[in-house]
Amino acid sequence: SQLPGWSMRPDGSIVIATGNDDALGVYACTPYNSYGTAGESQPTRVLLKDPPAFTVRPKEEYFQEVGRELVIPCAAHGDPPPTITWTKVGSTGRSGARVDGNSSLVFRPLVKEQHGVWECTATNQVASVSTPTSVHVLGTSPHAVTNVSVLPLLLAANISWEPGFDGGYFQRFSVWYTPLVKHPPRAHHDWVSLSVPVGAQHLLVENLQPDMSYQFSVLAQNKLGSGPFSQIVTSVPRGFPVTTVPPEPPAMTVRVFLSPPQALTANETARGVLLRWEPPAQFSVALSGYALELRQDKGGWEVLDRSIPSTKTQVLVPGLIKDAFYEFRLVAFAGSYISDPSNTVNVSTAGMEVYPSRTQLPELLPQPVLAGVIGGICFLSVAVIFSTMAACIMNRRRAARVQKRRQDPPLVFSP
C-alpha cells in the first residue's frame, strides 16, 4: 500500500518525499503488461543514514600576525562519519596549510598568501555541508585593489576601485596611467602616477588626449611597502563633438559634470528638522562641500549654511518658528564650480512643538536690519565710553585747580 508522501513516476521509479522508519526495508520491482510478467527484479535494501552536521564550527574571522602560528578548528559527525576537507576560496590548493588529526586547519608559519576566505567541508555518502571563515594576515604590505573601473569623460577619465586588505596598517593609493602608442619612440614608454587624496576611492585624471587609448592601474602602499598593481584597464577619453553649432561656453561645458545633490528629504525630530541627501551622481573634480538654502513663506532664498563638508550626507536644522512654511534646497561645490539646486523639500511647522534656538535663522532678522542693529549698538557703546572718559578728565582738572587755590598764600592789601 502507498504511504503519504510516496508516489510513482511513469518510468516505474518510486519517490519517497520524506525519509523515515517507514521507508526502511527490502524492495523489489515487478514489471508487467497484458501478457503477464517475467518476474520481479533483484531485491534492494533501503537504509537511513544521517547527513553530516558540524559539532565545532570555526569563527567568522581570525586575525593573526605574519610568521605566527594559527590553528582553526572544525569537526562534524554523521552516519557514516564524514570526511573533513579544507579549501581556500578562489585557490586550487591549501597554499601551504595542513590539516591535523583533529581536522583543524594549521598555518605554521602564517604567510601573506594565506590571507582570504577558507571553507571547511564535511562530506559523507548522504550529503556535503560547508562553513566559511576569513583569515586576516597582519603585518604585511597591502593587497591588490579590486573592481577597477574607468568612466571616460571629456578629455578626462574617472577611475574608481575597491581597496584590498591593508595588512594591518594605514594604506594610501596612487593611480598610474600611460597612453597606448602604436609605434612608441622607445621600447618602454613611461607611466605617470598621481597621488590619491586620503580616504578617497576614486580619482579624476584630466588633460588626456581625445580618442586615444590609455591604460590605467592602481597601486596600494603602507608603511611596509607597496602591494601588487591592480589589473590594467584600458579606456578611451571622449573628445569634443564635431558639429557646426558654436560650442557652449567652457563654464557651461564643465558644469555638465557637476550634477546637483540627489534625493533631498526632510524628517521631523525632537531637536529640529533632519535633512538627508545623496551625493551628486556625476562630477568632474573632487567635491568641496555643500551649501544649504532656505526660504520662508515663499520669500527670497537665503543661504543658511555654506560650509557643509563634502563627506556629510545629512544636517540638522534647529530653530524653526511655529506655524511657518519653509522650503529647503541644496547645492554642491567642486572647486570654483557650483551645481544646480537639488530638489526642494517643504517643511510646515503648523502644530509642531518647535521653538527658536539661541542662534536665530536668517529669516527671523534680515541681514541689512541685523547689520544696522549691530552698528547702532557699537556706536552707542563708543559714545558712552568717550563721554565717561571726558567726564573723568574734567573732574580731575577741577580737583587740581581747587587744590592749587588752597595751597597758594592769601593776598594782603595794606591801606
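Residues numbered from 1 in each chain as written. Predicted model: local features only at pLDDT ≥ 70, side-chain atom pairs only at ≥ 80, totals over all residues. Heavy atoms only, no water.

Asker: Please explain the pattern of salt bridges as it appears in this structure.
Answerer: Per the counting criterion, the structure on display carries 5 salt bridges. A salt bridge links Arg 108 to Glu 69; the nearest nitrogen and oxygen atoms lie 2.3 Å apart. Placement of Arg 108 in the loop between strand E11 (105-107) and strand E12 (116-123) and of Glu 69 in the loop between strand E6 (61-65) and strand E7 (70-72) is noted, with a sequence separation of 39 residues between them. (Salt bridge = Lys/Arg side-chain N within 4 Å of Asp/Glu carboxyl O. Helix = DSSP H or I, 4+ residues; strand = E, 2+ residues; numbered from the N terminus.)

Asker: Can you help me understand the sheet that holds E12 in this one?
Answerer: Strand order in this open sheet of 4 strands is E6-E13-E12-E9, and the pairing throughout is mixed. Across the chains shown, the open sheet's two edge strands, defined by having one partner strand only, are E6 and strand E9 (83-88). In this sheet, adjacent strand axes meet at a mean angle of 25° when their direction is disregarded. Of the strand pairs in this sheet, E9 and E12 are connected by 6 bridges, and their pairing is antiparallel. Note on E12: the bridge partner recorded for Thr 85 is Thr 121. (Pairing = 2+ DSSP bridges. Axes fitted to C-alpha atoms, helices over the stretch in contact; angles between N-to-C directions.)

Asker: Would you mind going over the sheet that holds strand E10 (residues 98-99) with me for this structure?
Answerer: Paired through backbone hydrogen bonds, the strands of a sheet run either parallel or antiparallel to each other. Across the sheet, 3 strands lie side by side as E7-E11-E10; this open sheet has antiparallel pairing. The open sheet is flanked by E7 and E10, the only strands paired with a single partner. Strand direction decides the pairing type here: E10 and E11, joined by 2 bridges, are antiparallel. Within E11, the position partnered with Arg 98 by the bridge is Val 106.

Asker: Could you clarify how one ought to interpret the state of the cysteines in this entry?
Answerer: Each disulfide is one covalent bond, formed between the sulfur atoms of two cysteines. Using the criterion set out here, one finds 1 disulfide in the structure. Across the disulfide, Cys 74 is cross-linked to Cys 120 (sulfur-sulfur distance 2.0 Å). Here Cys 74 and Cys 120 share a disulfide; its torsion about the S-S bond, -85°, makes the bridge left-handed. Of the two residues, Cys 74 sits in the loop between E7 and strand E8 (75-77) while Cys 120 sits in strand E12, which places them 46 residues apart along the sequence. Residues Cys 74 and Cys 120 agree in their burial class; the two are buried. (Disulfide = S-S within 2.5 Å. Buried < 20%, exposed > 50% of the residue type's maximum accessible area, 1.4 Å probe, protein only.)

Asker: Can you walk me through the nonpolar core in this structure?
Answerer: Burial of nonpolar side chains together is a common tendency in soluble globular proteins. Leu 275, Trp 277, Tyr 290, Leu 292, Leu 320, Tyr 326 and Phe 328 are the most contacted members of the largest nonpolar core, which totals 21 residues. Looking at this core, the elements that each hand over two or more residues are strand E23 (272-278), strand E24 (289-296), strand E26 (314-317), strand E27 (325-334) and strand E29 (345-348). Ranked by the residues each element gives to this core, the list is headed by E27, at 5 residues. Leaving out residues up to four positions away in the same chain, Leu 292 has contacts with Leu 275, Glu 302, Val 303, Leu 304, Asp 305, Ile 308, Val 315, Val 317, Phe 328, Arg 329 and Leu 330. (Core = buried A, V, L, I, M, F, W, Y, C linked by side-chain atoms within 4.5 Å. Contact = heavy atoms within 4.5 Å.)

Asker: Can you help me understand the environment of Ala 127 in this one?
Answerer: Take Ala 127: it is sitting in the loop between E12 and strand E13 (128-138). Residue classification places Ala 127 among the partly exposed residues on the basis of a relative accessible area of 29%. Once the C-alpha coordinates of Ala 127 and Asp 50 are considered, the two residues, 77 residues apart in sequence, prove to be 8.6 Å apart. The contact partners of Ala 127, leaving out residues within four places of it in the chain, are Pro 51, Pro 52 and Ala 122.

Asker: Explain the pairing of E12 here, please?
Answerer: Consecutive residues of a regular strand have side chains that alternate between opposite faces of the sheet. Sheet analysis places E12 next to E13, joined by 8 bridges and oriented antiparallel. Bridged to Glu 119 within E13 is Pro 132. Turn length for the E12-E13 hairpin, with the two strands adjacent in sequence and antiparallel, is 4 residues.

Asker: Would you take a moment to explain the side chain of Asn 124 for this structure?
Answerer: Among the secondary structure elements, Asn 124 is positioned in the loop between E12 and E13. At 3.0 Å, the side chain of Asn 124 and the backbone oxygen of Pro 80 are in polar contact. Looking at Asn 124, its side chain comes within polar contact range of the main-chain nitrogen of Val 126, at 2.9 Å. In this view, Asn 124 contacts Asp 50, Pro 51, Pro 52, Gly 78, Asp 79, Pro 80, Pro 81 and Pro 82; residues no more than four positions away in its chain are not counted. (Polar contact = N/O pair within 3.5 Å; in protein donor to acceptor, adjacent residues only side chain to side chain.)

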